[in-house]
Amino acid sequence: MRPSGQLPLTGLLFFSLIPSQLCQICVVNETNFWRLEPLINTMLNANYTKGTLGLNVLLTLRLVGIKNQSLEQQLSQQIKEDINSGEMELTSGELALGILGLGACENQDEEFIRGARLVSKLEAKFQAEIQNMEAHDGNPLTNYYQLSLALLALCLFNGSYSVTSVTCYFTPENKNYYFGDQFSVDTGAMAVLALTCVQKNTQKNMDMNAEGKISNYVASLANKIQAERKQGLFGNIFSTGEAMQALFVSSDYYKNEANCRETLRAVFDNISRGAFYLPITAAQILPALMGKTYLDVTNPSCGLNPVKFNTSTEKPGTVTPTTAPLNILVKYSVRINKTSHTEVTVRKGSVFLDVMKAAQEKNETLFRFTVEETSWGPYITSVQGIKASNNDRTYWKLLSNGQPLSQGAGSHVVQNGDNLEVRWSKY
Ligand code: CBY
């Protein structure tokens, strides 16, 4: 053994053991933990019928160090069963989240990752995304959020990917970062995390050219995220957690304490208004609030300092209205080239989907539709038999009073007099 070789190695070990939080300062401190309890309770008390619903939750429980052995076991078991059964083909992003969650903070599930050859399966899925882009005008099978998750998991769990493909497909100008003219903060943030990991890896291989390009992409995407800042949030409340993670690893934004205070105030406000009632929304924001990023999943300090929260095991009670339920009247239309209008009466407190159902009952030909269940609730896949397609970048956009919704059809509560619309669109 050459003694001279030991010193750099020891140095490397020392640096890799420094928790990444040292460079970040935007963390909720212990006196404010109570504000996060609704997020924890949402995750702990949800009903996980399928493994995919728990993908983000398992990752967050482990990364943040929330000790709940029975839920952790249940989720990890369900995810493994879903993977083993092969009944439903997981998408690239789902498999990536599975690997991140199962492999987070060194635990026994690593054996399963190896045994089931999950990393090579993910390599194949990443390849398939790229092949689809080559065959379909640059459009992946899923989307760039999932492609980024896949690249992140491959990078963290020693999978192989081509750095040339990364420099080719992840340029910030790529259309897949945008939905219409709108920069997708969620997508950009996930790409920053993935590219930051790749950047660290390519540094080891000394490819200066690729390294330079990738660090430019990271800087440019971080700027685009910051350009979407609105009252402390980035994009909207649901993209803010991932945007925070991206800014932690790529910019000095949160070194300014005032910026941190502004974001946390806005997030606390949304927590208290019940914005995070879906488990996936709670799971996506919590790591950032605890100063963690998805890059910490393979950090030796991952999960070493478990946090103690006061949790309740009560199912969130349904509020019984004190007065008789009222009906409200809303306008609803389906726009393709021409627009079909109707008016429907629904119960006060109804969601967008209830309006669609009521319209369908009135006129099956004009207003029939299909949905697919996702972790975000129902996603509208077709209206009047016209189906959304990833290859064509088409979808059914939901709007209220001319503005696109920031929640799905199962979550957005409608108000009396609203003008609701589903519009055949390109993204
Ligand atoms: N996750 C994914 O694959 C989804 C990635 C994502 C960027 C996601 C947002 C962000 C996230 N954190 O998960 C995303 N949405 C995508 C990619 C898409 C496109 C889906 C098609 C594809 N190519 O894969 C598309 C079509 C552009 C899209 N989202 C549409 C919609 C609308 C759905 C309408 C319908 N037909 O049902 C809608 C309602 C916007 C609208 N006004 O029409 C929409 N999305 C919303 C609101 C959201 C947010 C959900 C927030 C909430 N609380 O419900 C979102 C978080 C998300 C899910 N979409 Co998209 C973005 C946000 O507002 N911050 C990986 C997988 C493994 O889980």
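Nothing here was measured: the structure is a model prediction, and the numbers come from that model.

The subject of this paragraph is the pairing of strand β8 (residues 377-383). Within β8, six of the seven residues are buried, which leaves the element mostly enclosed by the surrounding structure. The pairing of strand β7 (residues 369-374) with β8 spans six bridges and is classified as antiparallel. Each residue of the ladder has a partner; that of E373, found in β8, is P378. Counted between consecutive antiparallel strands, the loop separating β7 from β8 contains two residues. As paired elements, β8 and strand β9 (residues 386-387) share two bridges and run antiparallel to each other. Pairing of S382 across the sheet is with K387, part of β9. Hairpin connection from β8 to β9: two residues lie between these consecutive antiparallel strands, with Q384 at a positive phi of about 50 degrees.

Near the ligand, the surroundings consist of 29 residues, among which N143, Q146, N236, W396 and Y427 are the closest. Y145 has a polar side-chain atom sitting 3.5 Å from a nitrogen atom of the ligand. Contact between the ligand and G408: an oxygen atom at 3.4 Å from a main-chain N or O atom of the residue. Among the secondary structure elements, those contributing two or more residues to the shell around the ligand are α5 (92-103), α8 (144-156), α10 (185-205), α12 (237-250), β8 and β10 (394-400). In terms of residue count, β10 provides more of the shell around the ligand than any other element does, four residues in total. Split into classes, the residues belonging to the shell around the ligand amount to 13 nonpolar, twelve polar and four charged.

This next bit is on the domain arrangement of the protein. The domain architecture assigned to the protein consists of domain 1 (4-296) and domain 2 (327-426). The gap between the C-alpha centroids of domain 1 and domain 2 is 31 Å. Contact with domain 1, which involves 18 residues of that partner, is made by eleven residues of domain 2. Both sides of the domain 1 and domain 2 interface together cover about 1200 Å² of buried area, and 47% of this is carbon and sulfur. Counting the surface domain 1 buries against domain 2, the share from its top three residues, N139, F238 and I280, is 31%. If you look at where domain 1 meets domain 2, you find zero salt bridges. Where domain 1 packs against domain 2, one counts seven residue pairs in polar contact (both at pLDDT 80 or more). The greatest single-element share of the side of domain 1 that touches domain 2, amounting to three residues, is contributed by helix α14 (residues 279-289). When grouped by side-chain class, the residues that make up the side of domain 1 that touches domain 2 number eight nonpolar, nine polar and one charged.

Rules used throughout
- Residues numbered from 1 in each chain as written.
- Predicted model: local features only at pLDDT ≥ 70, side-chain atom pairs only at ≥ 80, totals over all residues.
- Heavy atoms only, no water.
- Buried < 20%, exposed > 50% of the residue type's maximum accessible area, 1.4 Å probe, protein only.
- Helix = DSSP H or I, 4+ residues; strand = E, 2+ residues; numbered from the N terminus.
- Pairing = 2+ DSSP bridges.
- Near = heavy atom within 4 Å.
- Polar contact = N/O pair within 3.5 Å; in protein donor to acceptor, adjacent residues only side chain to side chain.
- Nonpolar A, V, L, I, M, F, W, Y, C, P; charged D, E, K, R; others polar.
- Domains from an automatic or database assignment.
- Contact = heavy atoms within 4.5 Å.
- Buried area = accessible area lost by both parts, 1.4 Å probe.
- Salt bridge = Lys/Arg side-chain N within 4 Å of Asp/Glu carboxyl O.

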